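The lines below spell out each chain.
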Amino acid sequence: MLSLVPLTLVIGACGNEEGSNQEEANLGEQLDYTITGMEPGSGIAENSRQVLDAYDNLEGWEIKESSTAGMLAALDQAISREEPIVITGWAPHFVFETHDLKFLEDPQNILGDVEDIHTMARVGLAEDMPEAYAVLEKFSWTVEDMQTIMVDALDVDFEEASQNWIADNRSVVDSWIEGVDDVDGESLGLVSFPWDTERASSQVISLVLEEIGYDVTVTNVDPAILFQALATGEADATVSVWLPTTQGFFVDEYENELDDLGVNMTGTQVGFIVPKYVDIDSIEDLPGLDQQ
């Protein structure tokens, strides 16, 4: 079972014992004072930039924004070579199963504490599609449930992994659709993010809505587009909003144009992460430009 850990920046450094103090002193230079990030439109990317502004020791550091896949590939490569790297990340995620990582403390709490994932819909969905609304409102599961699908999806696609989870957790799924009438092929559009956590949740809820007769389309987009689509009614719902920190500023922007159906999962978090062989414990331990 994957262990739940805060989302965080991940650092790798050389593991040899000789000259370890010098390695720590030169860590900033080894990293070229650069953090490898994810998509620039994500809430995580925005909050990570705020970290650079908040910590004096990170003056002069930069975030190299990439895709999630590119960021994880860079992590794999750096760890295989025992070279230093800093990445942005989140939990739950299968990367904590494949790599031995730890998490940097965030004394200023810029990246936030443990978060919840919310289900949100366009205004008017309750009246237009009451059956879908009822299922979405009941949808609730655990970090362990999501992690089970993410680990399974390392070997099969997310649809099969989600079908396996549904088969193994039939009583939970039945509680979401209990008392809900079937529909006859109504189209419903879900929006989500291209992260494995959200692939798991969106695939599960899509399959469940299809059980009661909906024709469901899932579209993965950047966060800014997701909230705009819900606010304008171009999409019907999402089960992927991380609050209060990760997507909080998007919710503030569209507050009166969204219907918050409540929390569907607790215990997620974003932050900074490091392999356990790195001898630092806090964001404040990252060396500044004037510490070399």
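The rules we used
Residues numbered from 1 in each chain as written. Predicted model: local features only at pLDDT ≥ 70, side-chain atom pairs only at ≥ 80, totals over all residues. Heavy atoms only, no water. Helix = DSSP H or I, 4+ residues; strand = E, 2+ residues; numbered from the N terminus. Contact = heavy atoms within 4.5 Å. 1 Å grid on protein atoms, 1.4 Å probe; cavity = no way out; pocket = protein on both sides within 12 Å on 5 of 7 lines; lining within 4 Å. Points joined across faces, edges and corners; volume = space filled by probe spheres on them. Nonpolar A, V, L, I, M, F, W, Y, C, P; charged D, E, K, R; others polar. Expected span 1.5 Å × (residues − 1). Buried < 20%, exposed > 50% of the residue type's maximum accessible area, 1.4 Å probe, protein only. pLDDT = per-residue confidence, 0-100. Core = buried A, V, L, I, M, F, W, Y, C linked by side-chain atoms within 4.5 Å.

## Re the side chain of Ser201
Within the secondary structure layout, Ser201 lies in helix 11 (residues 196–211). Leave out the neighbours within four places in its chain, and Ser201 touches Phe139, Trp141, Met146, Val239 and Ser240.

## Section: empty space enclosed by the protein
Inspection of every chain in the model, using the stated rule, returns one cavity of 30 Å³ or more. Considering only enclosed or pocket space, the largest cavity measures out at about 50 Å³ in volume. In terms of lining, the largest cavity is formed by twelve residues, of which the most central are Leu72, Ile87, Gly89, Trp90 and Val95. Put simply, the parts of the chain that give the lining of the largest cavity at least two residues each are helix 4 (68–80), strand 4 (85–91) and helix 5 (95–98). Sorting elements by how many residues they give to the lining of the largest cavity places strand 4 first, with four residues. Its residues assigned to classes, the lining of the largest cavity shows nine nonpolar, three polar and no charged.

## A few points about helix 11
Spanning 16 residues, helix 11 covers 23 Å between terminal C-alpha atoms, matching the ideal 22 Å at 1.5 Å per step. Among the 16 residues that make up helix 11, twelve are buried, leaving the element largely enclosed by the rest of the structure. Listed in full, the buried residues belonging to helix 11 are Asp196, Thr197, Glu198, Ala200, Ser201, Ser202, Val204, Ile205, Ser206, Leu207, Val208 and Leu209. One or two residues past the end of helix 11 sits Gly213, with phi positive at roughly 110°.

## What about the confidence of the model for the protein?
For the protein, mean pLDDT is 86; residues scoring 70 or higher make up 90% of the total. Overall, residues 1–9 carries pLDDT values under 50, and its contacts beyond four positions in sequence, including any with other chains, amount to 56 contacts. Confidence over residues 12–25 falls short of pLDDT 50; this stretch has 24 contacts with residues more than four positions distant or in other chains.

## Considerations on unusual backbone geometry
What is expected of a backbone is that most residues other than glycine have negative phi and most peptide bonds are trans. A cis amide bond links Leu243 with the next residue in sequence, Pro244, at an omega value of 15°. Within the secondary structure, Pro244 is located in the loop between strand 9 (237–243) and helix 13 (248–253). Unusually for a residue other than glycine, Asp32 sits at a positive phi of about 55°. You can see Asp32 is positioned in the loop between helix 2 (27–30) and strand 2 (34–36).

## Topic: the nonpolar core
Membership of the largest hydrophobic core comes to 93 residues, with the highest contact counts inside it found for Trp61, Val135, Trp141, Trp176, Leu209, Tyr214 and Phe227. It is strand 10 (residues 258–275) that contributes the most residues to this core, seven residues altogether. Setting aside residues up to four positions removed in sequence, Trp141 forms contacts with Met146, Ile149, Trp165, Trp176, Ala200, Ser201, Val204, Asn264 and Met265.

## Points about the environment of Pro223
Position of Pro223 among the secondary structure elements: in helix 12 (residues 223–232). Between the C-alpha atoms of Pro223 and Ser240, which are 17 residues apart in sequence, the distance is 9.6 Å.

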